[in-house]
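Structural characterization, general
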Amino acid sequence: MSEERPPSVAAVICTRGDRAELLREAVESIVRQDYPGQITVMVVHDRVAPDESLTELGAGPAREVRVMLSDRQAGLPASRNAGVLATDSDLVGFCDDDDAWLPGKLSAQVAELARRPDAGSVACGAVSLHDGWTSECVWGKPEITFADLLRSRVKEAPPSSFLMRRDVLLGPAGLFSEKIPGGFAEDYEMLLRLAAHAPVAYVRQVGVRIRVHGRTSHFTGNWAVIAEALEWLLREYPDFAGVRRGHARIAGQIALSNGMLGQRREALRWASRAFRASPLEVRSYVAAAMALHAVSRSWVLARLAAAGATS
């Protein structure tokens, strides 16, 4: 980064074209940031025609809004990579097309990266908008380590809060993985890679707004993809085997996904693995109960929906 000017920032937003109003809010929230440096908002359209009218939301040369059609394979990881490669900023951030950056988010994160030259990226907290209520989620420590991520997904670091140094993203960390089955948990896998290279700095304040009400995940009900992707994650990161709670968490998710698919033998096998790793993993009991017909899949699905969880 140049010491004579604030580092330039590219904010990548990926869309499938089904959230036009919320997408415009996301773009505007970035354009309105109080950050003094150059911001380029790159809206990447995945298999839908780019909305050229979004470029009108820019505010002069310091706040450019660009649109493009992804030239890579379908899916969120590839679309994010397309947006990264189509820009040349010092720093790269991300925002989902139904989220928003809150005022001061970018300035606080850039300042933290300047203070932490050892960190290759920075995240921050979020406020989630539910049906009639809100919740805030902020990590309690000044950084997120690889060990933290083996134990927990660290939901306090949503992908819309990510801000990365370009030279780290295109260098030792690498772009978002396009090999993960279905692209499930690609943001978590990226955090694992970032933290394996260097600490992920953390600004302990709410910097992004996430909509939960009315939001349907691409993976909702796609249990086969979830199970396959999480098994891939365990193979790619054998370090999970040495972290009992972390291994149990993912094994429990796989067990639950197989239970929802009606794969009784696989559900019991993964539930057993989760239980052996940690008897505190609740999903192992739920998956076993489904496999033994003690509870119904509809009962489990209703509770997952109430908790706002995918699996």
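Below: a short report on this structure.

Tallying secondary structure elements over the chain gives 11 helices and 10 strands in all. Rg of the C-alpha trace for the chain: 20 Å, near the compact-globule value of 19 Å for 311 residues, within the 12% margin. If one aligns the C-alpha atoms of the chain with their principal axes, the spans along those axes are about 65 × 40 × 35 Å. Taking all 311 residues of the chain together, 53% fall into the buried category. Look at the contacts in the chain between residues 6 or more apart in sequence, and 74% of them connect residues 24 or more apart. On the chain, roughly 13900 Å² of surface is accessible, and the fraction owed to carbon and sulfur atoms is 52%.

A complete count under the given rule lists zero disulfides for this structure. Of the cysteine sulfurs around Cys95, a residue in no disulfide, the closest is that of Cys14, at 10 Å. For Cys95, a relative accessible area of 2% gives the class buried. Lacking any disulfide linkage, Cys124 is separated from the closest cysteine sulfur, that of Cys95, by 10 Å.

Quick look at the packing of aromatic side chains now. Describing an aromatic ring pair means giving the distance of the ring centres and the angle of the ring planes. Throughout the structure, instances matching the rule amount to two aromatic pairs. Ring geometry for Phe94 versus Phe176: centroids 5.1 Å apart, planes at 85°, classification edge-to-face. Here Phe94, found in strand 4 (residues 91-94), pairs with Phe176, found in the loop between helix 5 (166-169) and helix 6 (186-197); they are 82 residues apart in sequence, far enough to count as distant. Classification of Phe176 by relative accessible area gives buried; the value is 3%. Plain terms: the ring middles of Phe275 and Tyr285 are 5.9 Å apart, the flat faces sit at 90° to each other, and that makes the pair edge-to-face. Within this pair, whereas Phe275 is found in helix 9 (residues 264-277), its partner Tyr285 is found in helix 10 (residues 282-291), the two being separated by 10 residues in sequence. Residue classification places Phe275 among the partly exposed residues on the basis of a relative accessible area of 40%. In this structure, Arg80 is placed above the aromatic ring of Phe176, and the distance from its NZ or CZ to the ring centre is 5.2 Å. Looking at Lys105, its charged tip hangs above the ring of Trp101, at a distance of 3.6 Å from the centre.

Attention shifts here to helix 8 (residues 244-260). The terminal C-alpha atoms of helix 8, which comprises 17 residues, lie 24 Å apart, in line with the 24 Å expected from a rise of 1.5 Å per residue. Where burial is concerned, most of helix 8 is hidden: 15 out of the 17 residues are buried. At the exit of helix 8 stands Gly262, carrying a positive phi of roughly 80°.

One non-glycine residue with positive phi stands out, namely Val154, at about 55°. Among the structural elements, Val154 can be located in the loop between helix 4 (146-151) and strand 9 (163-165).

At a closest axis distance of 8 Å, the pairing of helix 7 (residues 223-236) and helix 8 adopts a crossing angle of 155°. With respect to each other, helix 7 and helix 8 are oriented roughly antiparallel. In this structure, the crossing between helix 7 and helix 8 has a hand that is left-handed. Every residue of helix 8 that contacts helix 7 at Trp223, Ile226, Ala227, Leu230, Glu231, Leu233 and Leu234 is listed here: His247, Ile250, Gln253, Ile254, Ser257, Asn258 and Met260. Classifying every residue of the contact of helix 7 with helix 8 by side-chain character gives nine nonpolar, four polar and one charged.

A word on helix 9. Across its 14 residues, helix 9 extends 20 Å between first and last C-alpha, which sits within 8% of the 20 Å expected from 1.5 Å per residue. Among all positions in helix 9, only Ala267, Trp270, Ala271, Ala274 and Ala277 are buried. The buried residues of helix 9 occupy an angular sector of 125° when the element is viewed end-on, so they sit on one face. What points out from helix 9, more than 90 degrees from its buried face, is the exposed set Arg265 and Arg276. Close packing links the buried residues of helix 9 with helix 7, helix 8 and helix 10.

With that out of the way, let us pick up the pairing of strand 2 (residues 39-45). Judged by how many residues are buried, strand 2 sits mostly within the fold: seven of seven residues are covered. Side chains Ile39, Val41, Val43 and His45 of strand 2 all project onto a buried face; the interleaved residues Thr40, Met42 and Val44 project onto the opposite face, where all are buried too. The pairing of strand 1 (residues 9-15) with strand 2 spans seven bridges and is classified as parallel. Its bridge partner lying in strand 2, Val9 is registered against Ile39. As a crossover connection, the stretch from strand 1 through helix 1 (residues 20-31) into strand 2 is right-handed.

How each quantity is defined
Residues numbered from 1 in each chain as written. Predicted model: local features only at pLDDT ≥ 70, side-chain atom pairs only at ≥ 80, totals over all residues. Heavy atoms only, no water. Helix = DSSP H or I, 4+ residues; strand = E, 2+ residues; numbered from the N terminus. Rg over C-alpha atoms; globule rule 2.2 N^0.38 Å. Buried < 20%, exposed > 50% of the residue type's maximum accessible area, 1.4 Å probe, protein only. Contact = heavy atoms within 4.5 Å. Areas by Shrake-Rupley, 256 points an atom, 1.4 Å probe, with all protein chains shown as cover. Disulfide = S-S within 2.5 Å. Phe/Tyr/Trp six-rings, centres within 6.5 Å; stacked < 30°, edge-to-face > 60°. Lys NZ or Arg CZ within 6 Å of the ring centre and 35° of its normal. Expected span 1.5 Å × (residues − 1). Axes fitted to C-alpha atoms, helices over the stretch in contact; angles between N-to-C directions. Parallel < 35°, antiparallel > 145°, perpendicular 65-115°, else oblique. Left-handed = near helix turned anticlockwise from the far one by under 90°. Nonpolar A, V, L, I, M, F, W, Y, C, P; charged D, E, K, R; others polar. Arc of directions from axis to C-beta. Pairing = 2+ DSSP bridges. Right-handed = clockwise from strand over helix to strand, strands pointing away.

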